[in-house]
Amino acid sequence: MIVLIAIFVWLLINYIFWWVTFNSLLCAFAWLFLIMPNLLNVKMSDLKESLKNKKLISINLIINFIVLPLIFFVLAKIFFWNNPIIYAFLLLWLMSGGWLVFAWVVKTAWNMKTAFSLFLLNISIFSLIFLPLNYFYWKIWTYLFLNPQIQSQASGNIFSLEFIPFTVTNHSCFLNQILPWFMSCFWTNTWWASPLLAFLVLIIIPIIISRIILLFPTFTQIIKWKLSIIWKIASFFIIAYIFSLKEVHNLFSIDLIYLSKIFIVLALAYITTFSSSYLILKKLGKTPENISLFWNSTTRFITLWIVFSFSFSSDFGLWFMIVFVLAYFLQIWLSLFFSKIINKKEEVS
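Residues numbered from 1 in each chain as written. Predicted model: local features only at pLDDT ≥ 70, side-chain atom pairs only at ≥ 80, totals over all residues. Heavy atoms only, no water.

Structural notes on the overall build of the chain
Now for step 1: Across its full length, the chain carries 16 helices and 2 strands.
Now for step 2: When burial is assessed residue by residue, the chain has 56% of its 349 residues classed as buried.
Now for step 3: The long-range share in the chain, meaning contacts at least 24 apart out of those at least 6 apart in sequence, stands at 83%.
Now for step 4: Of the roughly 15,800 Å² that the chain leaves accessible, carbon and sulfur atoms contribute 70%. (Helix = DSSP H or I, 4+ residues; strand = E, 2+ residues; numbered from the N terminus. Buried < 20%, exposed > 50% of the residue type's maximum accessible area, 1.4 Å probe, protein only. Contact = heavy atoms within 4.5 Å. Areas by Shrake-Rupley, 256 points an atom, 1.4 Å probe, with all protein chains shown as cover.)

Structure representation (structure tokens):
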């Protein structure tokens, strides 16, 4: 509920008073206060043990990398046809988990080991997929915007939705500043998101920091004891920052018909996803491990996608980013709804 409150409060403030510019330090703040503290409850040996559940792993891979991306892409294709916005829908469902998945796991059943194991597996596979996918998106952009034949069409508009130019106001990247010789948030000087960013920032760094903290038992216990408070405060500030961005302010100046169309398609995709994943959960049984699978199959890492979307939107238009902004509302509302169903129907075995 605190996340929903933060969204509506800061959207209102953004609309009435002011907005801020984007800075990639958001990612560092997310892993430091949301992902890393949860890892204090996970041992590396536990991850290895969790990944031995071949049935759970197989179902996870089929759902996350075949079934659900297909559902999102097909629905977007039906409604938007050749509009490049369909690739935003595909991206949305290719990265499962995120910092919110851990909150829902804790809310419905405490099995952080399985939840993080699946998150680790999924984001590792995503990092490999994103490498060729990122190049494919660059080729799509080259074809659509640098092809004289398309640009000379009578309509002057290749989209079924109005193309709204989008300019990224700040390409600030904290990795560029502290590790320019090793890692960047973007591809060289093209501003396309780097496929290695997610894996480094969301997996490697949090694991290393959490292992260091575990060397100090007293400090570790203090963090564990305050974990719920840390999560709530950090969640509020991250959501507040995202929805106070200048780019999000553009929501208030775009056509409501187009906005409604995107929201309806997203709603259809999300409801189909949550419902089918819940049926699978009931079929498998409501064990803590299977509930961890459910949340890794329904929640997407939308915060990171909003970060990535700044680079994509500068080329594909504002609508590309709007998909991820609207997804926040749907994902949080459906997560609240299904967490109550999971807790109410029967006790976790």
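What about helix α4 (residues 54–80)?
Now for step 1: Taking 1.5 Å as the rise per residue, α4 with 27 residues should run 39 Å; its terminal C-alpha atoms sit 37 Å apart, in good agreement.
Now for step 2: Along its length, α4 shows its largest kink, about 40°, at I63. (Expected span 1.5 Å × (residues − 1). Bend = angle between axes of the 7 residues up to and from the residue.)

Observations regarding helix α12 (residues 227–242)
Now for step 1: Taking 1.5 Å per residue as the helical rise, α12 with its 16 residues ought to reach 22 Å, and the 22 Å between its terminal C-alpha atoms agrees with that figure.
Now for step 2: Among all positions in α12, only L227, W231, A234, S235, I238, I239, A240 and I242 are buried.

Considering the nonpolar core
Most often, soluble globular proteins keep nonpolar side chains buried together rather than apart.
Now for step 1: If you look at the biggest cluster of nonpolar residues, it comprises 116 residues, and the most contacted ones within it are F89, L92, F243, I262, L266, Y270 and Y328.
Now for step 2: The element best represented in this core is helix α16 (residues 318–345), accounting for 19 residues. (Core = buried A, V, L, I, M, F, W, Y, C linked by side-chain atoms within 4.5 Å.)

A look at the packing of aromatic side chains
Now for step 1: Across all of its chains, the model carries 19 aromatic pairs by this definition.
Now for step 2: Relative to F89, the ring of F80 lies with its centre 5.8 Å away and its plane at 35°, an arrangement referred to as tilted.
Now for step 3: Assessed through its relative accessible area of 0%, F89 is described here as buried.
Now for step 4: With a centroid separation of 5.8 Å and 10° between ring planes, the pair formed by W333 and F337 is classed as stacked. Of this pair, W333 and F337 both sit in helix α16, separated by 4 residues, roughly a single helical turn.
Now for step 5: Under the relative-accessibility criterion, F337 is labelled partly exposed at 40%.
Now for step 6: Between K77 and the ring centre of W81, over which it is positioned, the NZ or CZ distance is 5.2 Å.
Now for step 7: Above the face of the W93 ring, R300 is positioned so that its terminal group lies 4.1 Å from the ring centre. (Phe/Tyr/Trp six-rings, centres within 6.5 Å; stacked < 30°, edge-to-face > 60°. Lys NZ or Arg CZ within 6 Å of the ring centre and 35° of its normal.)

Considerations on the environment of T108
Now for step 1: As for its placement among the helices and strands, T108 is situated in helix α6 (residues 99–108).
Now for step 2: Assessed through its relative accessible area of 5%, T108 is described here as buried.
Now for step 3: For the pair T108 and I291, spaced 183 residues apart in sequence, the C-alpha separation works out to 7.6 Å.
Now for step 4: At 2.9 Å, the side chain of T108 forms a polar contact with the side chain of W295. (Polar contact = N/O pair within 3.5 Å; in protein donor to acceptor, adjacent residues only side chain to side chain.)

Observations concerning a nonpolar patch on the surface
Now for step 1: A contiguous nonpolar surface patch, about 680 Å² in accessible area, is contributed by I204, I208, I212, L215, F216, F219 and I222.
Now for step 2: Residue assignment for the nonpolar patch shows that the elements contributing at least two residues are α10 (197–213) and α11 (217–225).
Now for step 3: Among the elements that line the nonpolar patch, the one with the most residues is α10, at 3 residues.
Now for step 4: Inspection of the secondary structure assignment puts I212 in helix α10. (Patch = residues over 30% accessible without salt bridge, like charges linked within 9 Å, V, L, I, M, F, W, Y side chains within 5 Å. Salt bridge = Lys/Arg side-chain N within 4 Å of Asp/Glu carboxyl O.)

Looking at the packing of α4 against helix α14 (residues 288–298)
Now for step 1: For the pair α4 and α14, interaxial distance at closest approach is 10 Å and the crossing angle is 15°. Taken together, the axes of α4 and α14 are roughly parallel relative to one another. Once α4 is placed against α14, the crossing between them reads as right-handed. For the pair α4 and α14, the contacting residues are L56, I59, N60, I63, N64 and L68 in the first and E289, N290, L293, N296 and S297 in the second.
Now for step 2: Taken together, the residues of the contact of α4 with α14 sort by class into 5 nonpolar, 5 polar and 1 charged. (Axes fitted to C-alpha atoms, helices over the stretch in contact; angles between N-to-C directions. Parallel < 35°, antiparallel > 145°, perpendicular 65-115°, else oblique. Left-handed = near helix turned anticlockwise from the far one by under 90°. Nonpolar A, V, L, I, M, F, W, Y, C, P; charged D, E, K, R; others polar.)

Here we look at the side chain of N296
Now for step 1: Mapped onto the fold, N296 is located in helix α14.
Now for step 2: Side-chain polar atoms of N296 contact the backbone oxygen of A115, separated by 3.3 Å.
Now for step 3: Residues within four places of N296 in sequence aside, it is in contact with N60, N64, S96, G97, V101, A115, L118, F119 and N122.

Some points on the environment of V265
Now for step 1: Secondary-structure assignment places V265 in helix α13 (residues 256–284).
Now for step 2: For V265, a relative accessible area of 1% translates into the label buried.
Now for step 3: Sequence-distant contacts of V265, that is, excluding residues within four places in its chain, are made with L75, A76, F79, F80 and F89.

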